[in-house]
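What follows is each chain in one-letter form.
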Amino acid sequence: MMQMTAMIKQLIILNVLFFIGSNTIAPIAYDYFALHFPLNEGFRFWQPLTHMFMHAKAPMIMHIFFNMFGLLMFGSPLEHFWGAKKFLFFYISCGFGAALLHVGIDYYQFQQVYDLLISNGVSAQEIQKIIETGEYNTAIEQFVSKQNLTEMYRSYHTTAVGASGALYGIIVAFAFMFPNAEMMLLFLPIPIKAKYFVPFLVLGDLVMGIKGTSIFGGGGIAHFAHVGGAVTGFLIMWYWKKTQFNRHRWD
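So, here's what we can say about the structure. Think of each chain on its own: its residues are numbered from 1, step by step along the sequence as written. Predicted model: local features are reported for residues with pLDDT of at least 70 only, side-chain atom pairs are reported and counted for 80 or more only, and whole-chain, interface and lining totals are derived from all residues. Excluded from the side-chain calculations are hydrogens and water; all other atoms, namely the structure's heavy atoms, are used.

**Digging into helix H10 (residues 223–242)**
By definition, any uninterrupted DSSP run of H or I lasting at least four residues is a helix, any uninterrupted run of E lasting at least two residues is a strand, and each is numbered from the N terminus. To estimate the expected span of a helix, subtract one from its residue number and multiply by 1.5 Å. The terminal C-alpha atoms of H10, which comprises 20 residues, lie 28 Å apart, in line with the 28 Å expected from a rise of 1.5 Å per residue. One or two steps after H10, the chain reaches Gln244, where phi turns positive at roughly 50°.

**Looking at the environment of Phe81**
On the secondary structure map, Phe81 appears in helix H4 (residues 61–82). As a C-alpha pair, Phe81 and Phe33 span 48 residues in sequence and 31 Å in three-dimensional space.

**A look at the packing of aromatic side chains**
By convention, a stacked pair of Phe, Tyr or Trp rings (six-membered ring in the case of Trp) has centres within 6.5 Å and planes under 30 degrees apart, an edge-to-face pair has planes over 60 apart, and any other such pair is tilted. Under the definition given, this model contains 19 aromatic pairs. Ring geometry for Phe18 versus Phe33: centroids 5.7 Å apart, planes at 55°, classification tilted. Separated by 15 residues along the polypeptide, Phe18 in helix H1 (residues 6–23) and Phe33 in helix H2 (residues 29–33) bring together distant segments of the chain. The cut-offs for exposure are 20% and 50% of the maximum accessible area for each residue type, with area from a 1.4 Å probe on protein chains only; residues under the lower value are buried, those over the upper are exposed, and the others partly exposed. Under the relative-accessibility criterion, Phe33 is labelled partly exposed at 27%. The structure contains a cluster of three or more aromatic residues connected by ring pairs, namely Phe37, Tyr107, Phe110, Tyr114 and Tyr156. Across from the ring centre of Tyr30, 4.9 Å away, lies the NZ or CZ of Lys57, which sits over that ring. For a Lys NZ or an Arg CZ to count as sitting over a ring, it must be within 6 Å of the ring centre and within 35 degrees of the ring normal. Sitting over the ring of Trp240, Lys86 keeps its end group 4.4 Å from the ring centre.

In structure tokens:
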């Protein structure tokens, strides 16, 4: 691990300030800065940016700890080679990519259930009741499963926070830059080269996102945000490599 670079330091400080502030003097910050479902009245245009500086509420401090530790570990070498401006552009872009795929998947699934309800004669008022309260006439279950109705309600009300999506893009870039560096999972301490480890990590998130499960036994993990950040990081790195990106454009 290289010495902490200037932009990494600023990003960590900013994340910590958001975490402390939203858990002490300004708890309402979650309503304004967390990423809401686009059709939810709490959605604001700045949330695809601000959500990546928010983290799970205290006492769930491990969420921000692991994200900041990963940012320090994998981001510092990249900033060292790229410079602060190029690194920040990459980091923010991956965060946007994470938000886009996460919201896109949620919206697609939401709209599928919505259209199915409409096509089976469910009124807009009844659908609005499902969205707002999660309650519905059980007769609806003959053509829409309880799980799909629950997911529809969840998609509308659940917010997304965290730097994980942007961090996945950073990890992908690290694997591009240092493919033979050895990495490992905390609970599986077997060193694996980054060029093999990172695709395995992203594939795992894709599978868990599709299945709606978590290796830790619970929900609440935005797997598609991780995939979105990783894919965005891959596409940027592929483009930069293809065009032999000139780092001096960022000076």
